[in-house]
Amino acid sequence: MNEDIRIHSWPCSYYLDTSKQWVSGRLSLTPVAIKFTADKTGELLVDFHLSSVGEIKKESSNLIFSSLTILEKNTKHWFSSLQPNRNVVFNILEHFWREQLLSSQGAGAEAAALQSTKGKELTGLLTGSQKRLEDTAKVLHYQGEQFDNIMRGLNKIEGDMDVADRLLTELESPSWWPFSSKLWKAPSEAKPKETATVSDSKNQEGVIIRIPVIITHRTDSNVKPGKLTLFASGLEISDCNSQVIHRFESKDVDDIRVHTPYEISVRQRFIGKPDTSYRLLSAKMPEAIPILEMQFSKKIQFLEDALGFVGARKSPQVDLGTSIWQAATGLLGGVVQPGSPVGGKEGMDDEQVQLQKQAKITQEEANELKQILKKLKGLALETEAELERQDEALDSITTSVDRATLNIDKQNRRIKKLT
């Protein structure tokens, strides 16, 4: 599904070597391929895999100005009259080309996919699940720290309200009351010495994910490469030299739009001045979108071109998770006793026997799967315990807020009586 998504397309001209002429059309980029379609005939003149690209260069000559060349195996393709400009197209194409080569689905991915075993497929699925669960645990850990900070703040408020209550009692006491001086001294004696606690959670918080991106600021036509870093408290956009361009705290983000599985825009609104908006394109964006969806569930919006991506990711999620665990359990059982099928060979037709043979995995793959399953179980238990702790903390916070509200109303009535 993702391979057919058109990430970007640009109007341009392509030099058709067979007829020795320039043909106008559109240059298109998908997650794995580069294509060119002629405007007049609608014919697909160029279609090759990114892994077959050897070089992408900006070139020019006496006859060809501001051109982009792509070396595909032994064939050199020339593109000119690129819109909005050559630099934009070059940066985006080079980004996806390099990420394709660096990723496990780079050169030779198709051949490797044909040779992959069921064990490798399961390992990949479970490793992805482990990564997502680790990211969720990081976000929950940060939320737990925020709950702890709220509880400390509420405890301080309750301490201050106790002091205010004693002061009001002193003011309400008659002048001849003999214990008035003790009431004035009581707060300083009872109030614990408070040290300034500066929250350095930003310095301590870990990076959830960092991916390379192509950055567009507002509606500028120029783009530049950089990095997107996701923290539990927000997100940060930086350039190639790791210099921060802008940091969005979670509360600063007004909306995140997912244009495609590979492109998002982040915006912070202002009154009386232009919004702060960044458009981010990345081959690794599908890894970051689930984390953004978890952190900004009420602020994220999937546009039309991205609905297929979120639908495919969400709809079969339960069935996929169940099938992963069932397959992992069955295959691990088959490895432990490779000579004996799980259900026996009685009543099993040739097709079922063939499927069972295909499902065999090596002992090394089985051991790796067992380790991943063990880690997943531990992470799941930790996540469940943290969620229960946060539920209890939330109940305590609600109770403390209600108690503080009642005390404030009570003290307001006492103050009105004194005035």
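Residues numbered from 1 in each chain as written. Predicted model: local features only at pLDDT ≥ 70, side-chain atom pairs only at ≥ 80, totals over all residues. Heavy atoms only, no water.

**Details of the overall build of the protein**
Working step 1: Along its length, the protein carries 10 helices and 15 strands.
Working step 2: Counting all 419 residues of the protein, 38% fall into the buried class.
Working step 3: Long-range pairs, those at least 24 residues apart, make up 54% of the contacts in the protein with a sequence separation of at least 6.
Working step 4: Total accessible area on the protein is roughly 25,100 Å²; 52% of this is exposed by carbon and sulfur atoms. (Helix = DSSP H or I, 4+ residues; strand = E, 2+ residues; numbered from the N terminus. Buried < 20%, exposed > 50% of the residue type's maximum accessible area, 1.4 Å probe, protein only. Contact = heavy atoms within 4.5 Å. Areas by Shrake-Rupley, 256 points an atom, 1.4 Å probe, with all protein chains shown as cover.)

**Concerning a negative patch on the surface**
Working step 1: A surface patch of negative charge is lined by E384, E388, D391, E392 and D395.
Working step 2: Relative to the assigned elements, D395 resides in helix α10 (residues 363–418).
Working step 3: D395 sits in the exposed class, given a relative accessible area of 52%. (Patch = residues over 30% accessible without salt bridge, like charges linked within 9 Å, V, L, I, M, F, W, Y side chains within 5 Å. Salt bridge = Lys/Arg side-chain N within 4 Å of Asp/Glu carboxyl O. Lys, Arg positive; Asp, Glu negative; His and termini not counted. Charge placed at Lys NZ, Arg CZ, Asp CG, Glu CD.)

**Observations regarding unusual backbone geometry**
Working step 1: The step from Q83 to P84 runs through a cis peptide bond, and the omega angle for that step is 5°.
Working step 2: By secondary structure assignment, the location of P84 is in the loop between β7 (75–80) and α1 (86–102).
Working step 3: Within the chain, S242 stands out as a residue other than glycine whose phi angle is a positive 65°.
Working step 4: Structurally, S242 is set in the loop between β10 (234–239) and β11 (244–249).

**A look at the sheet that holds strand β3 (residues 33–38)**
Working step 1: If you trace the seven strands from one edge of the open sheet to the other, you get β4-β3-β2-β1-β7-β6-β5, paired in antiparallel fashion. The sheet is open, and its two edges are formed by β4 (44–49) and β5 (53–59), each paired on a single side. On average, each strand axis in the sheet is tilted by 30° relative to the strand beside it, whichever way the strands run.
Working step 2: Where β5 lies against strand β6 (residues 67–72), six bridges are found, and the strand directions are antiparallel. Bridge pairing in β6 places E55 opposite L71.
Working step 3: Sitting on the sheet, α1 is in contact with β1 (8–16), β2 (21–29), β3, β4, β5 and β6, with an inclination near 165° to β5. (Pairing = 2+ DSSP bridges. Axes fitted to C-alpha atoms, helices over the stretch in contact; angles between N-to-C directions.)

**Regarding the confidence of the model for the protein**
Working step 1: Across the protein, the average pLDDT comes to 74, with 68% of residues at or above 70.
Working step 2: Least confident of the elements in the protein is helix α5 (residues 201–204), whose mean pLDDT is 44; most confident is β3, at 94.
Working step 3: Low pLDDT (under 50) marks residues 181–204, which in the prediction has 17 contacts with non-local residues, meaning those over four places away or in another chain.
Working step 4: Of the regions scoring below 50 in pLDDT, residues 351–359 engages in eight contacts with residues more than four places distant in sequence or in other chains. (pLDDT = per-residue confidence, 0-100.)

**Quick look at the sheet that holds strand β14 (residues 276–281)**
Working step 1: Strand order in the open sheet made by the eight strands is β11-β10-β9-β8-β14-β13-β12-β15, with mixed pairing throughout. For this open sheet the edge positions go to β11 and β15 (300–302), each flanked by a neighbour on one side alone. Averaged over all adjacent pairs, the angle separating strand axes in this sheet is 30°, with direction ignored.
Working step 2: Bridging between strand β13 (residues 263–268) and β14 involves six bridges; their strand directions are antiparallel. Looking at β14, one finds that R267 is bridged to S277.

**So, the environment of F302**
Working step 1: By the element assignment, F302 lies in strand β15.
Working step 2: Overall, the relative accessible area of 15% leaves F302 in the buried class.
Working step 3: Residues F302 and V258, 44 residues apart in the sequence, show an inter-C-alpha distance of 4.8 Å.

**Some words on the nonpolar core**
Nonpolar side chains in soluble globular proteins tend to be buried together.
Working step 1: In this structure, L27, L29, I34 and L93 are the most contacted members of the largest nonpolar core, which totals 31 residues.
Working step 2: Where this core is concerned, the elements lending two or more residues are β1, β2, β3, β4, β5, β6 and α1.
Working step 3: Counting residues per element, this core draws most heavily on α1, at seven residues.
Working step 4: Per-domain counts for this core show at least three residues from each of domain 1 (8–104) and domain 2 (207–306).
Working step 5: Apart from residues lying up to four places away in sequence, L29 is in contact with I5, R6, I7, H8, W10, I34, L50, I92, L93 and F96. (Core = buried A, V, L, I, M, F, W, Y, C linked by side-chain atoms within 4.5 Å. Domains from an automatic or database assignment.)

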